[in-house]
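Single-letter residue listing:
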Amino acid sequence: MATAKAKKTTIKENTKTSNKKATSKTATSKKSSGSKNLIIVESPAKARTIKTFLGKDYEVIASKGHIRDLPQHRFGITIKDKHFIPTYDISKDHALLVKEMQDLHKSAEVTYIATDEDREGEAIGYHIVEALNGDISQFPRIVFHEITKSAITHSLDNPRLIDMDRVNAQQARRLLDRIVGFKLSGLLSQKIGRGLSAGRVQSSALKILVDREKEIRAFNPQDYFLIEAYFVADSKAKEKERLVFDLVRFKDKKIEKLVLQDKKEVEEILAILQKEKFRVESIQQKERVTKSPPPFMTSTLQQTSSNLLGFSPTKTMSIAQKLYEGVKTKDGLAGVITYMRTDSLNIAKEALDNAREFILTNIGKEYLPSKAKIYTATQKGAQEAHEAIRPTNLSFTPQIAASYLSNDELKLYTLIFNRFIASQMKDAIFESLSVSVMGELSEFKITGRRLVFDGFYKILGNADKDKLLPQFKEGQAIDFKDIQSIQKTTEPPPHYSEAGLIKTLESLGIGRPSTYAPTIRILIDRKYVELDKKQLIVQDIAFNVIAMLEANFEEIVDSGFSAALESKLDDIAENKLEWEEVLWEFYEPFIEKITKGKTSIESQKVMKPTGELCPECGNELVIRNGRYGEFVSCSNYPQCKFIKKEKQEVETSDEICEKCGRPMVVKMSKRGKFLACSGYPECKNAQPLEKPKELSVACPKCGGKLLERKSKRGIFYGCGNYPKCKFITNAEPTNEKCDKCGGMLCWHKTKENTKVCVECKNVVT
């Protein structure tokens, strides 16, 4: 195997830039007095935060992401004799920045590369060195899991060189994705329609969604029956306090879902059960332990944030990036969480000790386990040198953070803070009770449970109510109040949510932490799927794309193939495989299929004549297939771009526009029907079809009416005097006031029987 130093020569490239070459120099070169050290990071926010920790001897500048990349509109890779030579361009918007970095590097005592610690960050660091016309041995590489003064100082004391194996792994990924995306997207455009795209991770994810959509569309609902017996321990008990026993056995038949589908058979069973006498056969009591959850890594943070906060993966990562790079705190600007793109569950020993001290001091000795809990990531290829996502300073509690962070930043920070503390707390203990009631030919069962020790739920909260059962004794006679059959219908499998898709991608080994959010975003942007009420709904064009890929490029949509490639990229990063060999192994059979597909794959761009003539040029109108379905256009395209618009019947309403007096009509948008003025576009008044629900709570800002409204992110509550009053909250308001500040209390979105103040965030249980 080649050494890291020799490995550098395997990266072949052409670089286009109008900038003049900067003079390279070693870190030990003698400088004029007063020269500073230069630190190059990726983002301006990160640069500002680091600058506050270091003295006047350091200059910090941001590269603003990738300063060089493959050309935007060209393939950009020369392939010859099994070698891959990429052409990297410095974008126009980075040209002046590169010139500034070159000038600062010339006068710097030492230039440090401090890009992110993942492979992409390693590659960005390498490209910065190349843009500065230097050698990696001249540029100390520093990495840190968190942006705090101690972490930055420690990294400066322990620099290393850029890891060329990791750079090669990232370059292999970039070139692989360019080959697939560029070649396959062009073929899709040629055979199906313009504006379509394919990708190694993107198409595997789309295949998962299409397969689920096929299941949903092919689903045939089935009716079935359950039999329940109702028992009331106290004659004065309310209807909702009755206990429901489920029939689990009749004669020798075990009663499970879908077993009872014949209504006549159910009626016969009910007739027999009505005559039976029942007694308690057995009582089983067990203790069940619910283990504390591990701290967050990227995938679980995105999933939990989606489920509990309603944040999209893109929004979650955007907020997490801000929390990592630096926000205002009681001690000034600092990063308040560790690096947010990670698949590791490792925690530094110092952080573990701090968490245990926090639990002992703030929660109680009874919640502290005898030793620290150690978690290990289960997925293959997890980079255990990294850390899990955690707070950098436990004294910056969510209560204190509320004075410094925005509303969304506070929500995500609280989620990360509480999850980290919970991961080091004792497990929760439940007591479950199962009661079996026997008849002559039947058996009914009921299960109850209660929380014995809340453990980590002390900080995370537990939304599940205890299901308490009265005292039963074995042999006790049971007189059921009633026995009934309940008709049910099977439901199709649900559409994937963003969180559900991420969980599936992670379990299959498709992609890496940094790819989940962009993959979902591109599927939505390309109109392959539509996000509706947190569900990813597959559009018709996706079926055509996946059908073509399955028939001709099965490996691209095969989850096993994609996962295997990820494993090979890991091996490249560990210097176990040569990156060009991995690329060639994929490229050779792939490009043969592309070449063959250009002639053998049947085009779906079939034009069907309509018999009508184009009103603009006189040529025949034809039916074409587009990404949104069939449409009628001129056969003389692109010389004539006429498209026939379908006439839609106007749905009228009884409403009158309050702005111009014209009648309002019903129109359709991607979120459903709404009312719009018939005078559009002269009058652009629009209203929801269903009037917002009016609450019995007054607006705390102006005293106006509060209304329950709906948006694409769910239900929210706003003032009826908008836009004059812009009060808004996602939590359901109450008439109660906060005893600390007098602000309005709202029902907590995730904790049952808990309220939170909209002003000071005070939590009331």
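Summary of the structure given here. Note that the structure is a prediction, hence the values are computed from the model and not measured.

What follows deals with the overall build of the chain. Counting secondary structure elements, the chain contains 20 helices and 35 strands. Judged by the C-alpha coordinates and their principal axes, the chain covers about 95 × 80 × 65 Å. For the chain, the proportion of its 765 residues judged to be buried stands at 47%. In the chain, 64% of the contacts between residues at least 6 apart in sequence involve partners at least 24 apart.

A few words now on the side chain of serine 203. Following the sequence through the fold, serine 203 ends up in helix α7 (residues 200-218). A residue is classified by how much of its surface remains accessible, and serine 203, at 3% relative accessible area, is buried. Sequence-distant contacts of serine 203, defined by excluding residues within four places in its chain, comprise Ala198, Ile546, Leu549, Ile556 and Val557.

Reading across from one edge, β3-β2-β7 is the order of the three strands in this open sheet, with parallel pairing throughout. Bordering the open sheet on either side are β3 (58-62) and β7 (111-113), each of which pairs with just one other strand. Put simply, the sheet's adjacent strands are angled 20° from each other on average, direction ignored. In the sheet, strand β2 (residues 37-41) pairs with β3 via five bridges, with the strands oriented parallel. Bridge pairing in β3 places leucine 38 opposite glutamate 59. Of the strands in this sheet, β2, β3 and β7 touch helix α3 (residues 92-107), which is tilted by about 160° from β3.

With antiparallel pairing, the four strands of this open sheet are ordered in space as β32-β33-β34-β35. Looking along the sheet, the strands with just one partner apiece sit at the ends: β32 (733-737) and β35 (763-764). As paired strands, β32 and strand β33 (residues 744-747) are joined by two bridges and run antiparallel to one another. Bridged to proline 733 within β33 is cysteine 746.

Below, the discussion takes up the pattern of salt bridges. Tallied over the full model, the rule gives 40 salt bridges. Between aspartate 89 and arginine 74 there is a salt bridge; the shortest N-O distance is 3.4 Å. Remark: arginine 74 occurs in the loop between β4 (68-69) and β5 (77-80) and aspartate 89 occurs in strand β6 (residues 83-90); sequence separation between them is 15 residues. Judged by its relative accessible area of 38%, arginine 74 is partly exposed. When the shortest N-O distance is used, the salt bridge between aspartate 427 and lysine 373 registers 2.7 Å. With aspartate 427 in the loop between α13 (407-423) and β14 (428-438) and lysine 373 in the loop between α11 (349-362) and α12 (398-401), the pair connects residues that are 54 residues apart, well separated along the chain. Residues participating in the shared-partner salt-bridge network are Lys46, Asp116, Asp118 and Arg341.

On to the packing of aromatic side chains, then. In the structure shown here, the tally under the stated rule is 22 aromatic pairs. Between phenylalanine 231 and phenylalanine 245, the aromatic rings sit 6.4 Å apart at their centres with planes inclined by 90°, giving edge-to-face as the arrangement. Separated by 14 residues along the polypeptide, phenylalanine 231 in strand β8 (residues 223-231) and phenylalanine 245 in strand β9 (residues 243-250) bring together distant segments of the chain. Taking relative accessible area as the criterion, phenylalanine 231 reaches 9% and is therefore assigned buried. Residue classification places phenylalanine 245 among the buried residues on the basis of a relative accessible area of 0%. Aromatic side chains phenylalanine 430 and tyrosine 457 sit 6.1 Å apart centroid to centroid with 75° between the ring planes, which places their arrangement in the edge-to-face category.

Criteria and thresholds
- Residues numbered from 1 in each chain as written.
- Predicted model: local features only at pLDDT ≥ 70, side-chain atom pairs only at ≥ 80, totals over all residues.
- Heavy atoms only, no water.
- Helix = DSSP H or I, 4+ residues; strand = E, 2+ residues; numbered from the N terminus.
- Buried < 20%, exposed > 50% of the residue type's maximum accessible area, 1.4 Å probe, protein only.
- Contact = heavy atoms within 4.5 Å.
- Pairing = 2+ DSSP bridges.
- Axes fitted to C-alpha atoms, helices over the stretch in contact; angles between N-to-C directions.
- Salt bridge = Lys/Arg side-chain N within 4 Å of Asp/Glu carboxyl O.
- Phe/Tyr/Trp six-rings, centres within 6.5 Å; stacked < 30°, edge-to-face > 60°.

Fair warning: the whole summary comes from geometry, so function is off the table for now.
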